[in-house]
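Structural description and commentary
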Amino acid sequence: MIVTKVNSPLARAREMRGGHPYGPSGAAHPHLEEEAATPSSFKTPDHASILVQSSSKPPFSFNLASIQLRLLIPPNLPVICVLELGMDFILLEISEPVILNKKMQSRSYTNLLELASGNFPVMGRERDKRKLPRVMTVPGSINEFEDEPASSVASDTASSLSMDRIIIVANQLPLKAKRRADNKGWSFTWDDDSLLLRVKDGFPDDMEVLYVGSLNVDVDGIEQDDVAQVLLERFRCVPTFLPPSLIEKFYTGFCKKQLWPLFHYMLPISADHGGRFDRSMWEAYVAANKLFSQKVIEVINPEDDFVWIHDYHLMVLPTFLRRRFNRLRMGFFLHSPFPSSEIYRTLPVREEILKALLNSDLIGFHTFDYARHFLSCCSRMFGLEYQSKRGYIGLDYFGRTVGIKIMPVGIHMGQIESVMKLADKELRTGELKQQFQGKTVLLGVDDMDIFKGINLKLLAMEQMLKLHPSWQGSAVLVQIANAARGKGGIDLEEIQAEIQESCKRINQEFGKPGYQPIVYIDKPISVTERVAYYSIAECVVVTAVRDGMNLTPYEYIVCREGIPDSDSNSNSGPKKSMLVVSEFVGCSPSLSGAIRINPWNVDSTAEAMNEAISMGEPEKQMRHEKHYRYVSTHDVAYWSRSFLQDMERSCADHFRKRCWGIGLGFGFRVVSLDPNFRKLSIDDIVSAYLKAKRRAILLDYDGTVMPQNSIIKTPSREVISLMNRLSGDPNNTVFIVSGRGRDSLSRAFSPCKKLGIAAEHGYFLRWSRDAEWETCGQSSDFGWMEMAKPVMKLYTESTDGSSIETKESALVWQYRDADPGFGFAQAKEMLDHLESVLANEPVAVKSGQYIVEVKPQASSKGLVAEKIFTSMAENGKQADFVLCVGDDRSDEDMFEIIGNAISRNIISINTAVFACTVGQKPSKAKYYLDDTSEVILMLENLAEATDSPPLSEDENDGSLSP
């Protein structure tokens, strides 16, 4: 392939980071050294297109600005570019000379503008020398399933928390932007109300914090580069500029009309009730997440940086970043509720989103309920079960442990206290005290949306005044309704009309001159005024029917505590506060002194409000003190510090394990395995097989030579043929080692004359078809079965889809067809029950994949393997080749015995040992094969190398037992 013209200003080309610069194969260039040199000057051709000539295709040209370009500068060579056109990679050689005069690490990344200008940022661990590259904003096409090679960042040095940088990614930057008065440019300031601005208080002092997100204003294309440069230099912010048309479908469409209602338990039952799924909105959501990923990739140093992604707007971003950097340390925190699995599973793109989240290292939720719903979805959709170890919850996902963090966010104490001082200085608190003198103020502060339950609160106030007339004339509910967050709210006009009507009716019924029971404020108020209302309120009422966290009660508690060390009258007297909080709000579990209510029950809410304002002063003070201790110690800094520490712990093994990415689109995931755990090489095993004189081959049945979910449970002709050819070699000892009963296995392998069978995990064993069955167990007393059967029957009757399998030596309760969650819970309960009942019996109770099994203690696949090896050695046929293949927990016993066999002199020190599990998963085996088809392929290669006798008559007839 010859390139005749290359041009366009390099500043227009977009940087592509990660992956192997010479194409998808990842082959290293022969001249690339560890410390590659980079040019300080580079001459760019003049034309704006590239003409490509190929022997297999007619010539074609394209615009350089519309493609994605990856650049590598090997020392003493012309510049090599790799053009990525869909799934094709084209190598381009730029013939201009390259001047080599500066050093940089070959694992670093820089964009083309930096190369053209000679400004080379250092991206290694020398933190004081590192500079951020200029942020580029280049038009380009977005492809949901654009699979780019992942870069596996290798390092043998554990990261140090205090030496790293964290990139915080959210939909919006913690900035306020407004156009200058002269309409020439923009003015930017920090948004003090933004939670993201405060998270850095929990990080080490020397940790650099970088923000990536969008702006809440539309910046013209010609201004975007300048704005980006200013924000990076002054605020350490990297803006993602989203086109207005994309924002409409991404944020207003998919986020606000589909994800947000669904996560708050609102299903699109009809077209006018919520938003029906729209594929174009989903594509916009993916496109926006892709743009965010490009901005992160522009500035990331994957060896040193943490990435912390926030909220439901960016739920598929982890996949885009993980595809580029396999070992990137990345966390995600969901600030909204996560719905129950029954609700979430109605989402048409449920698997795509869930798989994307699982590409994070740590996933955070406000409450255990939200985390439990997420884990339930993982269990029901992917069969993933979580494990709790030393207080930490984790999901094993293709060898990676995805941590689950449960930690409610807090508030920034310093900011609230500074606002309180300002409110005190402005005398606003005193004015409100005078306005409501002699009144008992209940306060509600809510955003205007359908899930805040504002009208339910008004109805509860009305009911309280009816049931407790003594409060008429003295109790006042002040309801502050903040503007809705963003656009895309559902049914807001109807909700607002309903609220207005309720306020009018209640005030007309119970109001009188100088008294209105409802004070409704639906206009914007300042932060200082809101704090002033907190200070005078006897009780805050939160009646949201569903809310992610809601920090209003936290703010109220701090305001009621007052300003520390202040002599102001507004803070004199005992500190007290009362809370009436919906049980469906994220802050509810952490406020144990609050009165929790079901907001849908108006009567109980009315009674709770009456109880709160009627409670004795000492109890109010006690509850306030309890809440204030919690809120003041679990602030936003505590939250962010705890999350970062858990993210560091979750990523501790990143640089120790071998990682590689598999899968296309949102099916992409990273497989992470121990360095010593590798795929079984057929060439290696065949070579060792041919050299050996005495061979032992032990094979599991279900899931190894027979697919686990196969409806037909008898072996195929191919398997029968392989068993005959392998066992027919006089130098081979071949066994099927299975948990199945001996009658079943005898019928299945009746054509195999010389095949050994170990049935029921080795309790029964025979060396060939014509040999007698041996009993390996020490006891033939099965009286314990009469004790275990009634227990299993009890659970079978109460667990739909479960059954009992009675074997000669064991009882198996299986729940493969039961509800996954309920079956797992029942299995766990049954395990404890059986262990208690059979405590004095010579049996073992074990759980496996969808089973609970009771069997004799002396029966295991490991003991079978030991018996076979020992017998071979005693007969002067000590094995010098061992192959053991299995797929489940019971096979791990075999792998463990094989691992210790050499030290126990059961097999020779020179024995070639191949312990192999089926599937890429943590195992005591050192090798793996992906599935049963690869096992069969491996056995076929061994059979071809085997000196086998002619096929038996049974096999020629093809007669297989049913």
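**Comments concerning the overall build of the protein**
Each helix and strand in the protein was counted, giving 27 helices and 41 strands. When the 962 residues of the protein are sorted by exposure, 56% land in the buried category. Across the protein, every contact between residues at least 6 apart in sequence was considered, and the portion connecting residues at least 24 apart equals 72%. Here the protein displays about 41,400 Å² of accessible surface, and carbon together with sulfur accounts for 49% of that area.

**Focus on the pattern of salt bridges**
Here the idea is simple: oppositely charged side chains can pair when their charged atoms come close. Evaluation of the coordinates by the stated rule reveals 36 salt bridges. One salt bridge in this structure joins Asp-361 and Arg-400, with 3.6 Å as the shortest N-O distance. One end of the pair, Asp-361, is in the loop between helix H8 (350-357) and strand S17 (362-365); the other, Arg-400, is in strand S20 (residues 400-406), and 39 residues separate them in sequence. Across this residue pair, the class does not change: Asp-361 and Arg-400 are buried. Look at the salt bridges and you will find they share partners, linking Glu-538, Arg-560, Lys-576, Glu-617 and Lys-620 into a network.

**Quick word on the pairing of strand S28 (residues 669-673)**
Within S28, 4 of the 5 residues are buried, leaving the element largely enclosed by the surrounding structure. Both strand S27 (residues 658-662) and S28 contribute to a ladder of 5 bridges, which runs antiparallel. Each residue of the ladder has a partner; that of Cys-659, found in S28, is Ser-672.

**Description of the sheet that holds S20**
Ordered by their spatial adjacency, 9 strands build an open sheet running S14-S13-S10-S15-S16-S17-S20-S19-S18, and the pairing between neighbours is mixed. Two strands close off the open sheet at either side, each with one partner strand: strand S14 (237-239) and strand S18 (386-389). Along the sheet, successive strands turn relative to each other by an average axial angle of 25°, direction set aside. Here S18 runs beside strand S19 (residues 392-397); their pairing, made up of 4 bridges, is antiparallel. What sits directly across from Ser-388, in S19, is Ile-393. Packing against the sheet, helix H3 (residues 224-235) makes contact with strand S13 (208-214) and S14, and its axis sits at approximately 160° to S14.

**Overview of helix H19 (residues 682-691)**
Buried residues of H19: Ile-685, Val-686, Ala-688 and Tyr-689, and no others. End-on, the buried residues of H19 take up no more than an arc of 165°, which puts them together on one face. Residues of H19 that are exposed and point more than 90 degrees away from the buried face comprise Asp-683, Leu-690 and Lys-691. On the buried face of H19, the contacting elements are strand S30 (695-699), helix H20 (717-727), strand S31 (732-737), strand S39 (881-886), strand S40 (912-918) and helix H26 (932-944).

**Considering the sheet that holds strand S32 (residues 756-759)**
In space, the 9 strands of this open sheet follow the order S29-S41-S40-S39-S30-S31-S32-S33-S34, with mixed pairing throughout. Looking at which strands have only one partner, the edges of the open sheet turn out to be strand S29 (678-679) and strand S34 (774-775). Here S29 pairs with strand S41 (residues 927-929) via 2 bridges, running parallel. In the sheet register, Arg-678 faces S41, and the bridge partner there is Tyr-927. Each of S30, S31, S32, strand S33 (764-766), S34 and S39 touches helix H24 (residues 861-874); the most contacted strand, S30, lies at about 160° to it.

**Re the confidence of the model for the protein**
Summing up the model confidence of the protein, the mean pLDDT is 79 and the portion of residues at 70 or higher is 79%. Looking at the elements of the protein, mean pLDDT is at its lowest for strand S9 (residues 100-103), recorded as 32, and at its highest for strand S24 (residues 539-542), recorded as 97. Confidence drops under pLDDT 50 across residues 1-162; counting only partners more than four residues distant or on other chains, this segment forms 355 contacts.

**A short note on the packing of aromatic side chains**
Across all of its chains, the model carries 33 aromatic pairs by this definition. Aromatic rings pair up to connect Phe-250, Phe-254, Phe-277, Trp-282, Tyr-285, Phe-320 and Phe-666 into one cluster. The ring of Trp-190 carries Lys-200 above its face, with NZ or CZ at 5.1 Å from the centroid. The ring of Tyr-265 is capped by Arg-546, whose NZ or CZ atom sits 3.8 Å from the centre of that ring.

**Observations concerning unusual backbone geometry**
In this structure, Phe-398 is a non-glycine residue whose phi angle is positive, near 55°. Note on placement: Phe-398 falls in the loop between S19 and S20. Of note in this structure, Glu-760 is not a glycine but carries a positive phi near 50°. Looking at the element boundaries, Glu-760 is found in the loop between S32 and S33.

**A look at the side chain of Asn-550**
Position of Asn-550 among the secondary structure elements: in the loop between S24 and helix H15 (552-561). We classify Asn-550 as buried; its relative accessible area is 12%. A polar atom in the side chain of Asn-550 sits 3.1 Å from the backbone nitrogen of Thr-552. Among all residues touching Asn-550, those that are not within four sequence positions of it are Val-542, Val-585 and Cys-587.

**Let's talk about helix H13 (residues 492-510)**
One turn of an α-helix holds 3.6 residues; hence residues three or four places apart share an orientation. With 19 residues, H13 should cover 27 Å at 1.5 Å per step; its first-to-last C-alpha distance of 27 Å lies within 8% of that length. All of the buried residues along H13 are Leu-492, Ile-499, Ser-502, Cys-503, Ile-506, Asn-507 and Phe-510. Angular distribution of buried residues about the axis of H13 spans 120°; they occupy a single face of the element. Those residues of H13 that are exposed and angled more than 90 degrees off the buried face are Glu-493, Glu-494, Lys-504 and Gln-508. Structurally, H13 contributes buried residues whose contacts are with helix H12 (454-467) and strand S23 (518-521).

**Observations concerning the packing of H15 against helix H17 (residues 617-633)**
Two elements in contact, H15 and H17, have axes separated by 10 Å at closest approach and are oriented at 110°. When the axis of H15 is compared with that of H17, the two are roughly perpendicular. Taken as a pair, H15 and H17 cross one another with a handedness that is left-handed. Contact residues: Tyr-554, Ile-557, Val-558, Arg-560 and Glu-561 in H15; His-624, His-627, Tyr-628, Tyr-630 and Val-631 in H17. A breakdown of the residues in the contact of H15 with H17 according to their chemical character gives 6 nonpolar, 2 polar and 2 charged.

**Description of the environment of Trp-308**
Relative to the helices and strands, Trp-308 resides in strand S15 (residues 305-310). By relative accessible area, Trp-308 is classed as buried at 0%. For the pair Trp-308 and Tyr-211, spaced 97 residues apart in sequence, the C-alpha separation works out to 9.7 Å. Look past the residues within four positions of Trp-308 in its chain and what remains in contact with it is Ile-166, Ile-167, Ile-168, Val-169, Val-199, Phe-203, Gly-331, Phe-332, Phe-333, Trp-639, Ser-640 and Phe-643.

**Some thoughts on the packing of helix H22 (residues 784-798) against helix H23 (residues 820-837)**
Between H22 and H23, the least distance of the axes is 10 Å, while the angle of their chain directions is 160°. When the interaxial angle is binned, H22 and H23 end up roughly antiparallel. Judged by the sense of rotation from one axis to the other, the crossing of H22 with H23 is right-handed. Here Met-787, Ala-788, Val-791, Met-792, Tyr-795 and Ser-798 of H22 lie close against H23, whose contacting residues are Phe-822, Gln-826, Glu-829, Met-830, His-833, Leu-834 and Val-837. A class-by-class count of the residues in the contact of H22 with H23 yields 9 nonpolar, 3 polar and 1 charged.

**Looking at the pairing of S24**
Here S24 shows two buried faces, one formed by Cys-539 and Val-541 and the other by Val-540 and Val-542. Relative to S24, strand S21 (residues 440-447) is paired through 2 bridges, and the arrangement is parallel. Looking at the pairing, Leu-442 lines up with Cys-539 of S24. In terms of strand pairing, S24 meets strand S25 (residues 578-582) through 4 bridges, oriented parallel. Note on S25: the bridge partner recorded for Cys-539 is Met-578.

**A short note on the environment of Ala-688**
Here Ala-688 shows up in helix H19. In sequence terms Ala-688 and Phe-881 are 193 residues apart; their C-alpha atoms lie 7.3 Å from each other. Aside from chain neighbours lying at most four places away, what touches Ala-688 is Phe-881, Ala-912 and Phe-914.

**Some words on the environment of Ala-652**
Structurally, Ala-652 is set in the loop between helix H18 (636-650) and S27. Spatially, the C-alpha atoms of Ala-652 and Arg-329 are 9.3 Å apart, while their sequence positions differ by 323 residues.

What counts and what doesn't
- Residues numbered from 1 in each chain as written.
- Predicted model: local features only at pLDDT ≥ 70, side-chain atom pairs only at ≥ 80, totals over all residues.
- Heavy atoms only, no water.
- Helix = DSSP H or I, 4+ residues; strand = E, 2+ residues; numbered from the N terminus.
- Buried < 20%, exposed > 50% of the residue type's maximum accessible area, 1.4 Å probe, protein only.
- Contact = heavy atoms within 4.5 Å.
- Areas by Shrake-Rupley, 256 points an atom, 1.4 Å probe, with all protein chains shown as cover.
- Salt bridge = Lys/Arg side-chain N within 4 Å of Asp/Glu carboxyl O.
- Pairing = 2+ DSSP bridges.
- Axes fitted to C-alpha atoms, helices over the stretch in contact; angles between N-to-C directions.
- Arc of directions from axis to C-beta.
- pLDDT = per-residue confidence, 0-100.
- Phe/Tyr/Trp six-rings, centres within 6.5 Å; stacked < 30°, edge-to-face > 60°.
- Lys NZ or Arg CZ within 6 Å of the ring centre and 35° of its normal.
- Polar contact = N/O pair within 3.5 Å; in protein donor to acceptor, adjacent residues only side chain to side chain.
- Expected span 1.5 Å × (residues − 1).
- Parallel < 35°, antiparallel > 145°, perpendicular 65-115°, else oblique.
- Left-handed = near helix turned anticlockwise from the far one by under 90°.
- Nonpolar A, V, L, I, M, F, W, Y, C, P; charged D, E, K, R; others polar.

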